[in-house]
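Each chain is listed here by its residues.
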Amino acid sequence: MSVRVRFAPSPTGYLHIGGARTALYNWLYARAVGGTFVLRIEDTDLERSKREYEELQKEDLKWLGIIHDEGPDKPNPKYGPYRQSERLDIYMKYALDLIEKDLAYYDFTTGEELEAIKAENEAEGVHTHYQGKWKNPGMKTEALAKIAAGEKPAIRFRAPMKAFALNDKVKGEVVYPADMVGDFVIIRSSGLPVYNYCCVVDDMLMEITHVIRGEDHLNNTVRQLMLYEAFKYTPPVFAHVSLLIGQDRQKLSKRHGATSVHLYKDEHYMPEAMCNYLTLLGWSHPEEKDIFTKEEIVPMFGLERFSSHSAIYDLVKFKYVNGQHLRKLTNAELVAQLNTIIPAGHAFHAQATAWKEQCVELLKQKVDFITEMQPMMDDMIFDENVEMTDELKDILSWETTPKIVSYIAAEVAKIEGFASEAQLNVWSEHAKKELGIKGKPLFMGLRAALTGKGHGPDLKFLIPLTPVSVLKKRAAKLGA
RNA sequence: GGUCCCAUCGUCUAGCCCGGUCUAGGACAUCGCCUUUUCACGGCGGUAACUGGGGUUCGAAUCCCCAUGGGACUACCA
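Worth saying up front: this structure is predicted, and the values here are computed from it rather than measured.

Draft legend 1. Main features of the overall build of chain A. Of regular secondary structure, chain A possesses 20 helices and eleven strands. Here the C-alpha atoms of chain A give a radius of gyration of 33 Å, more than 25% beyond the 23 Å that 2.2 N^0.38 yields for 480 residues. Along the first, second and third principal axes, the C-alpha set of chain A runs to 110 × 50 × 40 Å. Taking all 480 residues of chain A together, 48% fall into the buried category. As displayed, chain A has an accessible area near 22800 Å², and 53% of this comes from carbon and sulfur atoms. In chain A, which carries 60 positive and 67 negative side-chain charges, the distance between the mean positions of the two groups comes to 2 Å.

Written out as structure tokens, the structure is:
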């Protein structure tokens, strides 16, 4: 039987980093074993679910390159529909079947009554295996009569009083004691099904073979195991991966900063870098490699190398990973991106393609994010101002520096466009032979005279990229 | 409170299942050096961890128990 995995987000907000990570693990596993990756939309919470969020999440997934094989937009008639809100009749049919077999029952207990029972139990410190007031099979006729009269009951599943065991691919053997959960609602009085129930019905009907999801579902699994047993269906293989947490070791949430994928997309983080970083937060490469594309990981990927403890989501290493992926891009690719990122009207757009490629070649050695390129270029190439830093003052105070400054000012006045590397060599030779300057004062003096700064990239790369008009303005300011 | 899960450098982790090869390896960060007559990139090196206590064993990071700490779940949310 071929492997089928799924990612089942709730469209109640943007795609979360943790969600992206589980989606990625599922995708990786499907690709690794030649299986099918299904996207299912868990929108039974009508209040919070919005179709626009579904679209937004799909966009984020697409941006990451996590493409599903089946889903609302790629239905397989055998398994669809893929939105739980469109499967309501299916859930009801199976629930009625459970009632028929006396594995579930109608329950008219109201929310307030339930609260009261719970409060009472808590006060007495007793731990009870809750069973609805309507648990007695003999009460079914009465229940039916109430329904006929227009009352709306919930449907409650009869939780068997026995221990369940799970052999989880990540956590190993997990045993759930017999009294862990009481009878639980599978269909709300509104007629809408509850997560733990539709999850099972769907995974069963969609023939999901492996469930890779967050550890926060580990305790839910016992309810699902009960339902699988009631349906006489072999449960899928479970792999509960550890959670992502913040610096304070709490579950990752908005107060930890940017936790939505789209924020990173907007900031022009690289999707490959994000996948790379996220993969490593809880999974390790057999050869301890740490920079890779997700396609490179596919042949290595399996359920065996997950770590069992939660991982702190920390941007510092992400930054490094992004830098590594950035440097793997060709200059043409970087230019193409900068063309869209840098605002219209910026001097960058006026330059020739060759100039742009040389520019990114220089810049990519200095930054981890593509968004850092423009500010850096503004500062190093297009900045006409001269800021009197201590470092610059120091260089300017050297005996020979003023000579170079005035020489360069006179020289740049003679040319237009860009100064070539050869031109730079001529200036340097002149300063050496005619002005009698050498060593550090020569090179630093030249740098100061040309850039108005004490440090920066190699002059032979930087000067041919700097418009002479800018050099002239700097020279004028230095002379003043 | 109850149930379940987890515990190796500051962080991500390797090693753990199948005890000795671990004076615990890698990566990020940090510090130093080299390279670059500057900066960055790159290269080399340093600092830095088996939560504690018992047990089993000739021998424990590795197996068992307890403690402590952290987390998750405990809904007619997902």
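Draft legend 2. Expanded view of the packing of aromatic side chains. This structure, assessed with the given rule, holds 17 aromatic pairs. Relative to Phe318, the ring of Tyr264 has its centre 5.7 Å away and its plane inclined at 25 degrees; by these criteria the two rings are stacked. In this pair, Tyr264 sits in helix H8 (residues 261–266) while Phe318 sits in helix H11 (residues 315–328), placing the two residues 54 residues apart along the sequence. Here the two residues Tyr264 and Phe318 agree in accessibility, since each one is buried. A ring pair is formed by Tyr269 and Phe318, whose centres lie 5.0 Å apart and whose planes are at 65 degrees; its orientation type is edge-to-face. In this pair, Tyr269 sits in the loop between H8 and helix H9 (271–280) while Phe318 sits in helix H11, placing the two residues 49 residues apart along the sequence. You can call Phe318 buried: its relative accessible area is 0%. Within the aromatic cluster, the residues linked to one another by ring pairs are Tyr264, Tyr269, Tyr277, Tyr313, Phe318 and Phe369.

Draft legend 3. View of the packing of helix H12 (residues 331–341) against helix H13 (residues 353–363). Packing of H12 against H13 leaves a shortest axis separation of 9 Å and a crossing angle of 100 degrees. In this view, H12 runs roughly perpendicular relative to H13, as classed from their interaxial angle. Of the residues in H13, those in contact with Asn331, Ala332, Leu334, Val335, Leu338 and Asn339 of H12 are Lys356, Glu357, Val360 and Glu361. Among the residues forming the contact of H12 with H13, the class breakdown is five nonpolar, two polar and three charged.

Draft legend 4. Fine view of the nonpolar core. If you look at the biggest cluster of nonpolar residues, it comprises 68 residues, and the most contacted ones within it are Leu278, Phe301, Tyr313, Met373 and Met377. For this core, the element with the highest residue contribution is helix H1 (residues 17–33), accounting for nine residues. The contact partners of Leu278, leaving out residues within four places of it in the chain, are Ile17, Ala20, Arg21, Leu24, Tyr25 and Tyr313. Of all hydrophobic cores here, the second largest spans 43 residues; its members include Tyr106, Cys198, Met206 and Val211.

Draft legend 5. View of the sheet that holds strand E4 (residues 154–157). What the three strands build is an open sheet, ordered E3-E4-E7; its pairing is antiparallel. Where the open sheet ends on each side, the last strands, each with one partner, are strand E3 (104–107) and strand E7 (184–187). Within the sheet, the average angular offset between the axes of one strand and its neighbour, ignoring direction, is 45 degrees. Sheet topology places E4 next to E7; three bridges connect them, and they run antiparallel. Bridge pairing links Ile155 to Ile187 in E7. Across the sheet, helix H7 (residues 221–230) is in contact with E4 and E7; its angle to E7 comes to roughly 60 degrees.

Draft legend 6. The arrangement of the domain arrangement of chain A in detail. As far as domains go, chain A holds domain 1 (254–326), domain 2 (331–382) and domain 3 (390–479). On a C-alpha basis, the centres of domain 2 and domain 3 stand 23 Å from each other. Contacts between the two partners involve ten residues from domain 2, matched on the other side by eleven residues from domain 3. Here domain 2 and domain 3 share an interface that buries about 920 Å² over both sides, 68% of which is from carbon and sulfur atoms.

Draft legend 7. Structural detail: the state of the cysteines. Summed over the entire model, instances satisfying the criterion amount to zero disulfides. Just so you know, Cys198 is unpaired, no disulfide at all, and the nearest cysteine sulfur is the one on Cys199, 7.5 Å from it.

Draft legend 8. Spotlight on the environment of Leu28. Note on placement: Leu28 falls in helix H1. The spacing of Leu28 and Met300 is 272 residues in sequence and 9.5 Å in space, taken between C-alpha atoms. The contact partners of Leu28, leaving out residues within four places of it in the chain, are Thr279, Lys294, Ile297, Val298 and Phe301.

Draft legend 9. Representation of the protein's contact with RNA strand B in the model. Around RNA strand B there are 61 residues in total, and Thr109, Arg188, Gln250, Glu288 and Lys366 lie nearest to it. Sugar and phosphate atoms constitute 73% of the interface atoms of RNA strand B, taking the interface as everything within 4 Å of the protein. Note that a base oxygen of RNA strand B is positioned 3.2 Å from one of the backbone N or O atoms of Asp458. Listed by contribution, the elements that provide at least two residues to the surface near RNA strand B are helix H4 (111–124), strand E6 (172–176), strand E11 (311–312), H11 and helix H18 (439–451). Examining the composition of the surface near RNA strand B, we find that five residues originate from one element, H18, more than from any other. Class assignment for the residues of the surface near RNA strand B results in 21 nonpolar, 20 polar and 20 charged.

Conventions used here
- Residues numbered from 1 in each chain as written.
- Chains lettered and ligands numbered in written order.
- Predicted model: local features only at pLDDT ≥ 70, side-chain atom pairs only at ≥ 80, totals over all residues.
- Heavy atoms only, no water.
- Helix = DSSP H or I, 4+ residues; strand = E, 2+ residues; numbered from the N terminus.
- Rg over C-alpha atoms; globule rule 2.2 N^0.38 Å.
- Buried < 20%, exposed > 50% of the residue type's maximum accessible area, 1.4 Å probe, protein only.
- Areas by Shrake-Rupley, 256 points an atom, 1.4 Å probe, with all protein chains shown as cover.
- Lys, Arg positive; Asp, Glu negative; His and termini not counted.
- Charge placed at Lys NZ, Arg CZ, Asp CG, Glu CD.
- Phe/Tyr/Trp six-rings, centres within 6.5 Å; stacked < 30°, edge-to-face > 60°.
- Axes fitted to C-alpha atoms, helices over the stretch in contact; angles between N-to-C directions.
- Parallel < 35°, antiparallel > 145°, perpendicular 65-115°, else oblique.
- Contact = heavy atoms within 4.5 Å.
- Nonpolar A, V, L, I, M, F, W, Y, C, P; charged D, E, K, R; others polar.
- Core = buried A, V, L, I, M, F, W, Y, C linked by side-chain atoms within 4.5 Å.
- Pairing = 2+ DSSP bridges.
- Domains from an automatic or database assignment.
- Buried area = accessible area lost by both parts, 1.4 Å probe.
- Disulfide = S-S within 2.5 Å.
- Near = heavy atom within 4 Å.
- Polar contact = N/O pair within 3.5 Å; in protein donor to acceptor, adjacent residues only side chain to side chain.

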